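Analysis of the macromolecular model
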Amino acid sequence: MYFVGEQLSPPALRFSVSSTSQRDYYPRRGIQNYGPYDGMTLAKNQVNCVVVYPSGLQRAKQTVVSGLQNGNGSFAGFQKLFRLPLTICGERSIATETPEQLNAVLPNLLRDSTPDIVLIFASTRNPAYYAKAKSILLGNGIPSQFITQEKLGNPSQLPWLLENVALQMYAKIGGTPWTVLSSQKQKSLVLGIGRAQDTQKRLVVGFVTLFSSDGDYLFFSTIAPKPVYWDQPEDYREALADVIVEACRDYSSRNGQPDEIVVHLCKKPSKFREFPAAEQAMKIIGGNLRYAILYLNEYSNYRLFDTAHSSYVPRPGIKVTLSDTDALLFLDGRKKDFRTGEEIRNRRGLPRLFEIGFDRRSTMEVNEFPRLIRQIYEFSSVNWRGFNAQTIPATLNYSRLIANMIAEIGADNWSQAIGQLGRLADKAWFL
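Quick word on the overall build of the protein
Within the protein, the secondary structure is distributed over eleven helices and 19 strands. Projecting the C-alpha coordinates of the protein onto the three principal axes gives extents of approximately 60 × 50 × 40 Å. Considering the protein as a whole, with its 431 residues, one finds that 55% of them fall into the buried category. A separation of at least 24 residues holds for 73% of the contacts in the protein among residues at least 6 apart in sequence. Within the structure as shown, the protein displays about 19000 Å² of accessible surface, and the carbon and sulfur contribution to it stands at 46%.

Okay, structure coming up:
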């Protein structure tokens, strides 16, 4: 059996709303040279941060806060990286790392200040402590950033940790660190659907929407009006239809009607869920808006190797056509280090390979499939979890992170917090 493959060119990243010349292929170098994409348009003079820490972690707190404000090693500091000062507008130590302590401290702390973000320290990963903090802060429309002491154990890795923390914090307050210069001219509204398992082993669904505007892919909004479970097809179908309609209306009010809607799924679409939801939404929206539903399988049985290289690891961006509606897309692999020029891979294990399917029930023509694969490749560069974060399409990654948060907080707590999510809709609060 023979397959046809091609090497897709790497997507260019943009670091300015107003200038297409401020671009790079490496996010770290681009930020260092040009600053963030929305550096001239973000309506903030400073980032106000409140710090909450256990009394036993005062030294760790000082190390991190000093590193974020003044830099540490190769990390120059939040202000130099994002051209925006980070101000600590409040601190509070707590005696124990318990939900009860947070319940006693956080509401009072938030009444005394209006931070853009809350930085919370913990000794180790504590699900109950994490869930309580997130539910209180989300309920007040405030994002948060967790740091555990165990991640601070290696001083040589501290600059990289601080750099990634700073990146996540900037995105969580509503900043756009960088975006991808799209290869297409179509105005696309793209919806990602991910799942996570809660404590009762039930699958919670998360939604995220992104869109293209003037050639750039931008983070749009997160819509999760209530916990939606995968095993409740009617509720899921109604929620998905509502998301499509709401996202399309919001998009149209800002940019005019989109040319197309593209849905990225983490599993094969069901005739009882996604397509009835899409059809229902299109009837409400009206017109002849085209849509495509794609399945992104990250657990493919296929493997891809480069026998011409000693590591056998290929470069990212290889697309292999299996049929008119099926393809493989290689997103991981060896990349050139912009400082040394050496081709390296920063993690172990088999490189990530996605098997992508185009459902023929879509109203878009199947000859659009190659362009939609390229779009997925470009979305893999919009990952603000870290400068060397795993290359996963943002639609799949972000929707899964949202589902994870709903699952960790719990349905009841989520329902109480959801009222303030409108204040966070244009922020990547889930990173």
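Quick notes on the sheet that holds strand β2 (residues 13–14)
The sheet built from three strands is open, its strands ordered β3-β2-β8 with antiparallel pairing. Both outer strands of the open sheet, β3 (23–24) and β8 (179–180), are each paired with one neighbouring strand and no more. Judged from the two bridges that link them, β2 and β8 form a sheet pairing that is antiparallel. If you follow R14 over to β8, its bridge partner there is T179.

Things to note about the nonpolar core
Ranked by size, the top nonpolar core spans 99 residues in total, and within it V52, L68, F78, L119, W384 and F430 carry the most contacts. The element that contributes the greatest number of residues to this core is helix α10 (residues 394–409), accounting for ten residues. Setting aside anything within four residues of it in sequence, one finds V52 in contact with R92, I94, L102, L106, L109, V118, L119, I120 and F121. V205, V228, Y236 and A277 belong to the second largest nonpolar core, which has 31 residues in total.

Some words on the pairing of strand β7 (residues 144–148)
With five of its five residues buried, β7 lies for the most part within the structure. Burial along β7 is two-sided: S144, F146 and T148 facing one way and Q145 and I147 facing the other are all buried. Here five bridges tie strand β6 (residues 117–122) to β7, and the two strands are oriented parallel to one another. By the bridge assignment, A122 is partnered in β7 with T148. Each parallel crossover has a hand, and the one from β6 via helix α5 (residues 127–139) to β7 is right-handed.

Quick word on a negative patch on the surface
Together, E234, D235, E238, D242 and E246 make up a negatively charged patch on the protein surface. Residue position: E234 is located in helix α7 (residues 233–255). The exposure class assigned to E234 is exposed, which follows from its relative accessible area of 57%.

Focus on the sheet that holds β6
Ordered by their spatial adjacency, four strands build an open sheet running β5-β4-β6-β7, and the pairing between neighbours is parallel. With partners counted over all chains shown, the strands left at the sheet margins are β5 (86–94) and β7, one partner each. Sheet twist, expressed as the average angle between the axes of neighbouring strands with direction ignored, equals 20°. Across the face of the sheet, helix α4 (residues 99–112) comes into contact with β4 (47–54), β5 and β6 while running at roughly 145° to β5.

Details of α7
Look at α7: 32 Å from first C-alpha to last across 23 residues, which is about the 33 Å you get at 1.5 Å a residue. Along α7, the positions that sit buried rather than exposed are Y236, R237, A239, L240, A241, V243, I244, V245, A247, C248 and Y251.

Structural notes on the packing of aromatic side chains
Any pair of aromatic rings gets described here by the distance separating the centres and the angle formed by the planes. Counted according to the given criterion, the structure contains 15 aromatic pairs. Aromatic pair F78 and F82: ring centres 5.2 Å apart, planes at 45°, arrangement tilted. Note that F78 and F82 are positioned in helix α3 (residues 78–82) at a spacing of four residues, about one turn of the helix. Summarising the burial analysis for this pair, F78 and F82 share the class buried. The interplanar angle of 50° and the centroid separation of 5.1 Å between the aromatic rings of Y130 and F146 together place this pair among those described as tilted. Of this pair, Y130 sits in helix α5 while F146 sits in strand β7; the two residues are 16 residues apart in sequence, bridging distant segments of the chain.

Overview of α5
Taking 1.5 Å per residue, 13 residues should reach 18 Å; α5 reaches 18 Å between its end C-alpha atoms and fits that length. Along α5, the residues classified as buried are Y129, Y130, A131, A133, K134, S135, I136, L137 and L138. Positive phi appears at G141, one or two residues downstream of α5, with a value of about 70°.

Digging into the state of the cysteines
Taken as a whole and judged by the stated rule, the model has zero disulfides. Of all cysteine sulfurs, the one in C89 lies closest to C49, which takes part in no disulfide; the gap is 7.0 Å. C49 gets classed as buried once you look at its relative accessible area, which sits at 1%.

A short note on the pattern of salt bridges
Taken as a whole and judged by the stated rule, the model has 14 salt bridges. In this structure, the salt-bridge partner of K44 is D116, at a minimum N-O distance of 2.8 Å. Separated by 72 residues along the polypeptide, K44 in the loop between α1 (27–34) and β4 and D116 in the loop between α4 and β6 bring together distant segments of the chain. On the basis of relative accessibility, which here comes to 17%, the residue D116 falls in the buried class. With a closest N to O distance of 3.0 Å, E91 and K61 form a salt bridge. Residue E91 is found in strand β5, and its partner K61 is found in helix α2 (residues 58–70); the two are separated by 30 residues along the sequence. When its relative accessible area of 6% is taken as the criterion, K61 is described as buried.

Thoughts on the packing of α2 against helix α6 (residues 158–172)
Contact geometry of α2 with α6 gives a least axis separation of 10 Å together with a crossing angle of 70°. It follows that α2 is roughly perpendicular to α6 by the angle criterion. In this structure, α2 uses T63, V64, G67 and L68 to contact α6, whose residues at the interface are L158, L162, V165, A166 and M169.

Examining the packing of α5 against α10
With their axes 9 Å apart at the nearest point, α5 and α10 run at an angle of 110° to one another. Taken together, the axes of α5 and α10 lie roughly perpendicular to each other. Touching Y130, A131, K134, S135 and L138 of α5 are M405, E408 and I409, all from α10. Along the lines of polarity and charge, the residues of the contact of α5 with α10 split into five nonpolar, one polar and two charged.

Rules of the game
- Residues numbered from 1 in each chain as written.
- Predicted model: local features only at pLDDT ≥ 70, side-chain atom pairs only at ≥ 80, totals over all residues.
- Heavy atoms only, no water.
- Helix = DSSP H or I, 4+ residues; strand = E, 2+ residues; numbered from the N terminus.
- Buried < 20%, exposed > 50% of the residue type's maximum accessible area, 1.4 Å probe, protein only.
- Contact = heavy atoms within 4.5 Å.
- Areas by Shrake-Rupley, 256 points an atom, 1.4 Å probe, with all protein chains shown as cover.
- Pairing = 2+ DSSP bridges.
- Core = buried A, V, L, I, M, F, W, Y, C linked by side-chain atoms within 4.5 Å.
- Right-handed = clockwise from strand over helix to strand, strands pointing away.
- Patch = residues over 30% accessible without salt bridge, like charges linked within 9 Å, V, L, I, M, F, W, Y side chains within 5 Å.
- Salt bridge = Lys/Arg side-chain N within 4 Å of Asp/Glu carboxyl O.
- Lys, Arg positive; Asp, Glu negative; His and termini not counted.
- Charge placed at Lys NZ, Arg CZ, Asp CG, Glu CD.
- Axes fitted to C-alpha atoms, helices over the stretch in contact; angles between N-to-C directions.
- Expected span 1.5 Å × (residues − 1).
- Phe/Tyr/Trp six-rings, centres within 6.5 Å; stacked < 30°, edge-to-face > 60°.
- Disulfide = S-S within 2.5 Å.
- Parallel < 35°, antiparallel > 145°, perpendicular 65-115°, else oblique.
- Nonpolar A, V, L, I, M, F, W, Y, C, P; charged D, E, K, R; others polar.

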